[in-house]
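# A structural walkthrough
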Amino acid sequence: MTTSPSTLPLLYMQLFLLLKQNGFSLLLEIHYTPKHGSWLNMAEIELSVLTRQCLDRPIPDIESLKREVSAWESRRNAQHSRIDWQFTTEDAPIKLKRLYPSIIP
């Protein structure tokens, strides 16, 4: 059975209801990912920014770390920071050449 992305929430909801009927306690959260750009790459970019801007020095304890990251997150959100995603489908065969099969005539 193949499923399209638009049918997945319905399938998950059916599974959720089935498990709940059988006594399982579950929390179901559906997070939609961006249409353009890989959400994983975007997360990696954001973690890199966090590392360079906030975690570039020794932090003495976990409470200090939490405060530092929370302050950084507030500033980053207040600035409405965005990722300028420039990778396109047309770029894929060029930038990922080693991953594409080559056809020898």
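Details of the structure are given in the entry above.
Note that the coordinates shown come from a computational prediction; the quantities given were computed from them, not determined experimentally.

## Quick look at helix 2 (residues 39-53)
Spanning 15 residues, helix 2 covers 21 Å between terminal C-alpha atoms, matching the ideal 21 Å at 1.5 Å per step. Of all the positions in helix 2, only Met42, Val49 and Leu50 are classed as buried. Burial along helix 2 is one-sided: seen end-on, the buried residues are contained in an arc of 100°. Turned more than 90 degrees from where helix 2 packs its buried face, Leu47 and Arg52 sit exposed. Looking at the buried residues of helix 2, the elements they touch are helix 3 (62-78).

## Thoughts on the packing of helix 2 against helix 3
Two elements in contact, helix 2 and helix 3, have axes whose closest approach is 11 Å; the angle formed by their N-to-C orientations is 120°. Handedness of the crossing formed by helix 2 with helix 3: right-handed. Here helix 2 contributes Glu46, Val49, Leu50 and Gln53 to the contact with helix 3, which in turn contributes Val69, Trp72 and Arg76. Residues that form the contact of helix 2 with helix 3 fall into these classes: four nonpolar, one polar and two charged.

Rules and cut-offs
- Residues numbered from 1 in each chain as written.
- Predicted model: local features only at pLDDT ≥ 70, side-chain atom pairs only at ≥ 80, totals over all residues.
- Heavy atoms only, no water.
- Helix = DSSP H or I, 4+ residues; strand = E, 2+ residues; numbered from the N terminus.
- Expected span 1.5 Å × (residues − 1).
- Buried < 20%, exposed > 50% of the residue type's maximum accessible area, 1.4 Å probe, protein only.
- Arc of directions from axis to C-beta.
- Contact = heavy atoms within 4.5 Å.
- Axes fitted to C-alpha atoms, helices over the stretch in contact; angles between N-to-C directions.
- Left-handed = near helix turned anticlockwise from the far one by under 90°.
- Nonpolar A, V, L, I, M, F, W, Y, C, P; charged D, E, K, R; others polar.

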